[in-house]
There are 2 protein chains.
Amino acid sequence: MPARILDGEAFASQIHLETASRVAALTKRGVTPRLVFIRVGEDPASRAYVSRKESRAKEVGISSTTLVLPETTSLPDLLRQIDTLNADPKVHGILIQSPLPQGLPNDQVYARVTPSKDVDGFHPVNFGKLLLGDPTGFLPCTPAGILEILRLGKIPTRGKHAVIVGRGQIVGRPLAVLLAQKSPHADCTVTLAHSSTPNLSSITRQADILVGALGRPLFLTKEHVQAGATVIDVGVNRVPDPASPRGYRLVGDVDFSSVQPVAGAITPNPGGVGPMTIALLLSNTVRAAEDASS
Amino acid sequence: MPARILDGEAFASQIHLETASRVAALTKRGVTPRLVFIRVGEDPASRAYVSRKESRAKEVGISSTTLVLPETTSLPDLLRQIDTLNADPKVHGILIQSPLPQGLPNDQVYARVTPSKDVDGFHPVNFGKLLLGDPTGFLPCTPAGILEILRLGKIPTRGKHAVIVGRGQIVGRPLAVLLAQKSPHADCTVTLAHSSTPNLSSITRQADILVGALGRPLFLTKEHVQAGATVIDVGVNRVPDPASPRGYRLVGDVDFSSVQPVAGAITPNPGGVGPMTIALLLSNTVRAAEDASS
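Here's a quick rundown of the structure. None of the values given here were measured: they were computed from a predicted structure. (Residues numbered from 1 in each chain as written. Chains lettered and ligands numbered in written order. Predicted model: local features only at pLDDT ≥ 70, side-chain atom pairs only at ≥ 80, totals over all residues.)

Another point: the overall build of chain A. Assigned secondary structure in chain A consists of 10 helices and 11 strands. What you see for chain A is a C-alpha radius of gyration of 19 Å, in line with the 19 Å of a compact globule of 294 residues. Restricting to contacts in chain A with at least 6 residues of sequence separation, those with at least 24 account for 68%. (Helix = DSSP H or I, 4+ residues; strand = E, 2+ residues; numbered from the N terminus. Rg over C-alpha atoms; globule rule 2.2 N^0.38 Å. Contact = placed C-beta atoms within 7 Å.)

This is how it looks when you write it as structure tokens:
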């Protein structure tokens, strides 16, 4: 029996419904949640990401605008724009779309967003609260979205062994901390594996929950998967594809056709983690508006 | 052949020597590194900890004072004292000794210390920088001290499997992130196990490096240890002992006499992790003074 599909679009729709009803409650009180995107330059993928997030925001009733800055924007100019939004009480969330042009240091830019408007969860204070288990912070949307996939997909986690392949800042490391925390929807034994892990498959085959977050196209195959495991694919990799008008196509870290016959449950890609990331971004934005108006 | 002893006192002395020479360099430039301890109440263990740290500080040439506040100190009073020290340019490091009396919320108190004087590494910003791999933060002293034990003890780490038992805020979680980071003295595959981990010994017996940080007296025995593994004991547990004048004695998480015949290297306890924690505190303090005066 092939693995059950963990339908990220369907789970995201559930979250969007809840988010929309929270927006409605805020609107009744005269508060419209407002999210501002900052996009620097004209990277086609950034344009596509922002436009998808904007349209979802609109669907749930969040007011959003995008500030488009030229590729040549200097760091002081960008920081000044962020300061203006930080100071504007009508703005509840600020998202700076990555990738930034070369020369703009990510760490300085993300750390400039005031933590209470950092709905992406990228400010050091929010990462610190994550590590400390302090619920007043905003969680980064992709790891938080993965926890929601497990919860809504009714995947048991307590006492299970989760193996995360990839130790990136945005997914691998924070997800390891979140899955290990003492909580009904976590409480896993967690192994963080990566490019320096020898005999990777002997580690990944121990996983009840296996997360591919290393950024290598179709790297995880059935050899890496224990029968019945839950497999989550975070990867978004460009591979050259002359048949595509863009010249590339996007593939995950998991070789779906190899893994699906072995796994117990699996996220499709696209349609798995990606929609959840957006759902958590919008839910964070509404929480920022709730916090600011409470 | 019984395990080699990883002598924390000897490693700490090496670090103290380096710290003392950095203090000498600062003193030549007219800067005396200054560390202020805040102790609230008269908990005997707190008194002993602060007094040991003060005497080590003196040995390396750091000027230190202890502000002793009554058990009944209110939160606003404590925060005001911290603010005064934050604003004093002659103070480079501030350490609030735990445990605080009941009723004083740890998170609010530790988050009040300005991050650049937070030599304990307990501010959310410093925890966030740890998670992000940003070297401008201060690392919490115990996990940083464990990395130094491995480095000075010449324990290979790259590609090795480290298993940490215990997911606490101060040791287990941050140490997991640090041991997994891409760095010559880390780069481990890391498993974070804890009280909800079933079949714990089947996990711990995979460890090349096994860290006991769960707070259960003498919990880890030879059944948990792979032959030749490096074993680090972080535990500081009070067990009743009528023969002791204090009525208790301190024991670790590792049953040393059971584990030493099996392990390849092991920290004694006391005399392992404890002295390294103090060494890293003083080294952080000197870095705070260097940063402030550069």
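Residues and elements named next belong to chain B. Taken in spatial order, the three strands of this open sheet run β3-β2-β4, and their pairing is parallel. Strands at the two margins of the open sheet, each flanked by one partner only, are β3 (63-69) and β4 (93-96). Taken over all neighbouring pairs, the strand axes of this sheet differ in orientation by 20° on average, direction set aside. Pairing of strand β2 (residues 34-40) with β4 involves four bridges; the strand directions are parallel. Paired with Ile 38 across the strands is Ile 96, a residue of β4. (Pairing = 2+ DSSP bridges. Axes fitted to C-alpha atoms, helices over the stretch in contact; angles between N-to-C directions.)

Residue and element names in this part refer to chain A. The side-chain alternation of strand β8 (residues 230-233) yields two buried faces, one formed by Thr 230 and Ile 232 and the other by Val 231 and Asp 233. Here four bridges tie strand β7 (residues 209-212) to β8, and the two strands are oriented parallel to one another. Of the residues in β8, the one forming a bridge with Leu 210 is Val 231. Pairing geometry for β8 and strand β11 (residues 265-266), over two bridges, is parallel. Pairing of Thr 230 across the sheet is with Ala 265, part of β11. (Buried ≥ 20, exposed ≤ 12 C-beta atoms within 10 Å, placed from the backbone.)

Every contact between the two is made by 32 residues of chain A and, on the other side, 32 residues of chain B. Broken down by element, the residue count for the side of chain A that touches chain B peaks at nine residues, all from helix α5 (residues 124-132) of chain A. By residue class, the composition of the side of chain A that touches chain B is 15 nonpolar, 10 polar and seven charged. In the sheet, strand β6 (residues 189-193) of chain A pairs with strand β6 (residues 189-193) of chain B via three bridges, with the strands oriented antiparallel. Paired with A:Val190 across the strands is B:Leu192, a residue of β6(B). (Nonpolar A, V, L, I, M, F, W, Y, C, P; charged D, E, K, R; others polar.)

A cis amide bond links A:Ser98 with the next residue in sequence, A:Pro99, at an omega value of 0°. Inspection of the secondary structure assignment puts A:Pro99 in the loop between β4 (93-96) and α4 (106-110). Here the amide bond leading from B:Asn269 into B:Pro270 is cis, since omega sits at 5°, within 30 degrees of zero. Relative to the assigned elements, B:Pro270 resides in the loop between β11 (265-266) and α10 (273-293). One non-glycine residue, A:Lys154, adopts positive backbone phi at about 55°. A tally of 9 C-beta atoms within 10 Å means that A:Lys154 is categorised as exposed. Residue B:Leu218 is not a glycine yet carries a positive backbone phi of 55°.

Ordered in space as β1(A)-β11(A)-β8(A)-β7(A)-β5(A)-β6(A)-β6(B)-β5(B)-β7(B)-β8(B)-β11(B)-β1(B), the 12 strands form an open sheet in which the pairing is mixed. Bordering the open sheet on either side are β1 (4-5) of chain A together with β1 (4-5) of chain B, each of which pairs with just one other strand. Of the strand pairs in this sheet, β1(B) and β11(B) are connected by two bridges, and their pairing is parallel. Across the sheet, the residue bridging to B:Ile5 is B:Ile266, located in β11(B). Its contacts with the sheet put helix α7 (residues 172-180) of chain A on β5 (161-165), β6 and β7 of chain A together with β6 of chain B, and the angle it makes with β6(A) is roughly 170°.

Superposing chain A onto chain B takes a rotation of 180° combined with a translation of 0.0 Å along the rotation axis, leaving an RMSD of 0.0 Å. Expressed as a symmetry operation, the mapping of one chain copy onto the other fits a two-fold axis. Most of the interface of chain A is mirrored in chain B: 100% of its interface residues are interface residues there too. (Least-squares fit on C-alpha atoms with pLDDT ≥ 70 in both.)

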